[in-house]
Amino acid sequence: MKHYVLRLPFLLLLLAALLGAGLSGCEPREDIITTDPSATLTASVAQVKFDTVFTQLGSVSKRFWVYNRNSKAVRVDEISLVGVSSAVARFELIINGRRGAALRDFELRGRDSVLVLASVTINPNAADTAFVVLDSVRLRANGTTGYVRLRAYGENARYYDAPTDFVPVVACGEVWGGTDRRPIVLLKTTIVDSACVLTVAPGARVYVANGASLLVRGRLRCGELGAAAVKFRGLRRDDFFDTTDPRYFDFENTPKYANTPGQWGTIAFEPRLDVHLTQENELLNTDIRNATVGVLVANGAYFRPGHRVRIEDCIIRNAFAVGVYGEGAGYTGSGAPAEGVRIVNTVITRCGERAVLGVGGGNWRLSHCTIEMGPGGPAFARRETEAVAFDNKLERLDGTSRSSGTYLRIENSIVWSGVRDDDNRLLNELLLLPKASPDSVYIFRHNILQTRFGRFNTDGATYGEGQSGTNRLNENPVFRAPAEPVKQDLCLDSLRSPARRLGVPLSPAVPLDLLRETRSTSAPSAGAYESLPL
């Protein structure tokens, strides 16, 4: 027994030596560092491109991966910015979770990767058009160097912002656009005071931050017929998906934020309590996209004369809730109301709840409008509300309500979705509450209307008394490409559309359509677009 005890330490030492030799020979291949010059770093992209970045605000972060595609590890000399901060711009990197201009001298295992996040802040300058800012990220290992190009477009802007608890106010007589080609950026809700006029010149671009709106208490003169369109958009100009992320390579050529609803608030017309307004506000040739409510006319809180708004040659698209919403728009208190909201030659499409909603009475006239609320929009798979609705009653925030009559005139227009229920019946897209009101007048002339109720086929005097009017109910207007997610086309099929030559001449006349094509003087087409020969 004593003989075996004496030999046990020797056996243990021999076993440990053998195990050590075996373990040293089993080091994982991906941990063995190679110095082969062919063992280089590669990136998931050759170039990171930032969409146009407003000066001062900074960009979103774009990501890319740096790969070691070799079976063995490499020692990375550096991943670093080539340039440095300058008077023009400042690029920033986050490499493997570490913020800085460079990460140097570290091991990258075989078939492993490093995540790099890049962003840029561009400093203001005197340019009034977009300009290019360039830099590169250097990738160096084993004596071999590669690059990922960084490319950003910068643009100066005119900003409207204010400290906490304050709001920016537009100076009286101010002009947006015109000779100053810089875009307008509203970082907070911006007010046009009751004694002031804001002019938005043709071609102006207005970008509105999340939660911000343009609040008009004075007068707005926006756009000009036949000139370059004014554009209202959300502040985001980048892709919804990071197109440098290889997981989203299928989305590289598709704009996302360009069609995402609810990115900003609204263009609101709201009178001050101590001011009675009679002037007309104008939204002409204006493209309003991705708001929560496209246009809001809020007179009903006071039930007294307020804003009159003319919306002509406009496109209102992708509103999260309502395209045009009015509360007592055009209310006068007695007699026939003044014209509150007039919508002409305008397309309202792909809104989350309704295209047009009027409550608390008022005066509305829709002429040569195309209201299309069919499937194919970017965010709304199913809608439970009618496209067009009017209610004489206005429910106030304090729980009280008040009613006033509605004067509604829809002529030479199209209200259509093509959406059907589970029984394959077309949904009703028109709602009037109450159905019969002695102080309300409803006139529908020469329209295509999607509705389950024959009473809408009326010229006004016979509303609710039969189908003797001039409208066509539930006939597909046959648009060219209504369901295209990005390039929607609501022009009429010239050969098949029942809207062709359905209309009548109006007063005041509407001689041109939304594309500035001449309308027929005797039998124009219904909707915003004239049906033209192929």
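Note that the structure is predicted; figures quoted are calculated from it, not measured.

Asks: Just to check I follow, could you spell out the pattern of salt bridges for this structure?
Replies: Where charged atoms from two side chains of opposite charge come close, those side chains can pair. According to the stated counting rule, one finds 28 salt bridges in the structure shown. Residue Glu411 pairs with Arg445 through a salt bridge whose shortest N-O separation is 3.0 Å. Of the two residues, Glu411 sits in strand S34 (residues 406-411) while Arg445 sits in strand S37 (residues 441-445), which places them 34 residues apart along the sequence. Glu411 sits in the buried class, given a relative accessible area of 0%. Each member of the salt-bridge network shares a partner with another, and the members are Glu78, Arg104, Arg138 and Arg140.

Asks: Help me out: how do you make sense of the pairing of strand S18 (residues 219-222) in this one?
Replies: Taken residue by residue, a regular strand's side chains alternate between the two faces of the sheet. Because side chains alternate across S18, one face comprises the buried residues Leu220 and Cys222, and the other comprises Arg219 and Arg221, none of which is buried. Bridging between strand S15 (residues 197-200) and S18 involves four bridges; their strand directions are parallel. For Leu198, the partnering residue across the bridge sits in S18 and is Leu220. Here S18 pairs with strand S21 (residues 280-284) via two bridges, running parallel.

Asks: How should I be thinking about the nonpolar core in this particular structure?
Replies: Across soluble globular proteins, you tend to see nonpolar side chains buried next to one another. Core analysis: the biggest nonpolar cluster contains 58 residues, and Trp176, Leu214, Leu220, Leu283, Trp364 and Ile371 have the highest contact counts within it. Ranked by residue count, the leading element in this core is strand S29 (residues 354-367), at four residues. Ignoring anything within four residues of it in the chain, the contact list for Leu220 reads Leu198, Val200, Leu214, Ile267, Phe269, Asn281, Glu282 and Leu283. Formed by 32 residues, the second largest nonpolar core is a distinct cluster that contains Leu81, Ile95, Leu103 and Ala118.

Asks: Whenever I open this one, the environment of Gly234 confuses me. Can you help?
Replies: Counting through the fold element by element, Gly234 comes out in strand S19 (residues 230-234). Relative accessible area serves as the criterion here: at 3%, Gly234 is assigned to the buried category. Residues Gly234 and Thr260, 26 residues apart in the sequence, show an inter-C-alpha distance of 9.1 Å. Aside from chain neighbours lying at most four places away, what touches Gly234 is Tyr207, Val208, Gln263, Trp264 and Arg289.

Asks: Help me understand the confidence of the model for the protein chain in this model?
Replies: Should the pLDDT be low somewhere, the predicted coordinates at that spot are not to be read in detail. Summary statistics for the protein chain give a mean pLDDT of 85 and a share of 82% for residues scoring 70 or more. Predicted confidence in the protein chain is weakest over helix H1 (residues 2-24), with a mean pLDDT of 53, and strongest over strand S35 (residues 414-416), with 98. In the predicted structure, residues 1-6 sits below a pLDDT of 50 and forms zero contacts with residues beyond four places in sequence or in another chain. In the predicted structure, residues 240-255 sits below a pLDDT of 50 and forms 29 contacts with residues beyond four places in sequence or in another chain.

How each quantity is defined
Sequence positions are assigned chain by chain, starting from 1 and proceeding in written order. In view of the model being predicted, local features appear only for residues whose pLDDT reaches at least 70, and side-chain atom pairs are presented and counted only at 80 or more, with totals across whole chains, interfaces and linings using the full set of residues. Side-chain metrics rest on all non-hydrogen atoms present in the structure, leaving aside hydrogens and water. Salt bridges are counted wherever a side-chain nitrogen of Lys or Arg sits within 4 Å of a carboxyl oxygen of Asp or Glu. Numbering of helices and strands runs from the N terminus, with a helix taken as a DSSP run of H or I at least four residues long and a strand as a DSSP run of E at least two residues long. Three labels apply to residues, based on accessible area from a 1.4 Å probe with only protein chains included: buried if under 20% of the type maximum, exposed if over 50%, partly exposed otherwise in between. At least two bridges found by DSSP between two strands are what make those strands a pair. In plain words, nonpolar cores are sets of buried Ala, Val, Leu, Ile, Met, Phe, Trp, Tyr and Cys residues tied together by side-chain atoms within 4.5 Å. Contact between two residues is taken to exist if any of their heavy atoms lie within 4.5 Å; hydrogens are not considered. Along the chain, pLDDT gives the predictor's confidence residue by residue, from 0 to 100.

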